[in-house]
Amino acid sequence: MHTEQAGATARGPQEQYFAALAEGRFQIQHCKACSRHQFFPRTLCMHCGATDLAWTDPVGTGTVYSFSIVRRKPEAGGDYNVALIDLDEGVRMMSRVDGVALDQLRIGMPVKARVLRDSAQPLVVFDAVEAA
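Going by the annotation in an unreviewed UniProt entry, the name recorded for the protein is Zn-ribbon domain-containing OB-fold protein, with Achromobacter spanius given as the source organism.

### Things to note about the pairing of strand β10 (residues 123-128)
Where strand β8 (residues 97-98) and β10 come together, 2 bridges link them in parallel fashion. From the neighbouring strand, Val 97 faces β10, where its bridge partner is Phe 126.

### A few points about the layout of surface pockets
Here the largest pocket defines a volume of roughly 180 Å³. Looking at the largest pocket, it is lined by 14 residues, and the ones nearest its centre are Met 93, Met 94, Ser 95, Leu 123 and Val 124. Where the lining of the largest pocket is concerned, the elements lending two or more residues are α1 (13-22), β6 (80-87), β7 (92-95) and β10.

### Concerning the sheet that holds strand β9 (residues 110-116)
Overall, mixed pairing links the 6 strands, which are arranged β7-β6-β5-β9-β10-β8 in an open sheet. Every interior strand has two partners, whereas the edge strands, β7 and β8, have only one. Both strand β5 (residues 61-70) and β6 contribute to a ladder of 8 bridges, which runs antiparallel. Across the sheet, the residue bridging to Val 64 is Ile 85, located in β6.

Rules behind the numbers
Residues numbered from 1 in each chain as written. Predicted model: local features only at pLDDT ≥ 70, side-chain atom pairs only at ≥ 80, totals over all residues. Heavy atoms only, no water. Pairing = 2+ DSSP bridges. Helix = DSSP H or I, 4+ residues; strand = E, 2+ residues; numbered from the N terminus. 1 Å grid on protein atoms, 1.4 Å probe; cavity = no way out; pocket = protein on both sides within 12 Å on 5 of 7 lines; lining within 4 Å. Points joined across faces, edges and corners; volume = space filled by probe spheres on them.

Listed below in structure tokens is the structure:
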């Protein structure tokens, strides 16, 4: 589903992205000229340089491309992961995978996006899903 064009308001693409997240919506940009998606939001298509970009709701499914475990003392919040996720739309984004023991996280693991709004700033995190 395409929504307002990236250049249609005075707000920049990053502000539009975070405003949608604050409403619980995860969106990426789609170029009408070359029909490719991109992430992180920009004013120009990173593939062809066109400016005719629209916001779209991605399916939200993807796979873990890579990950790293950040080690912290328990009193500092404990260990967590930082993951690169390849969305099915062809974009890669940095996030984390929730709900999976760190020793069970794997490259190629199928994941599904969700918007986490219980932190200071909303963010996109991923949950592992059963392989079909």
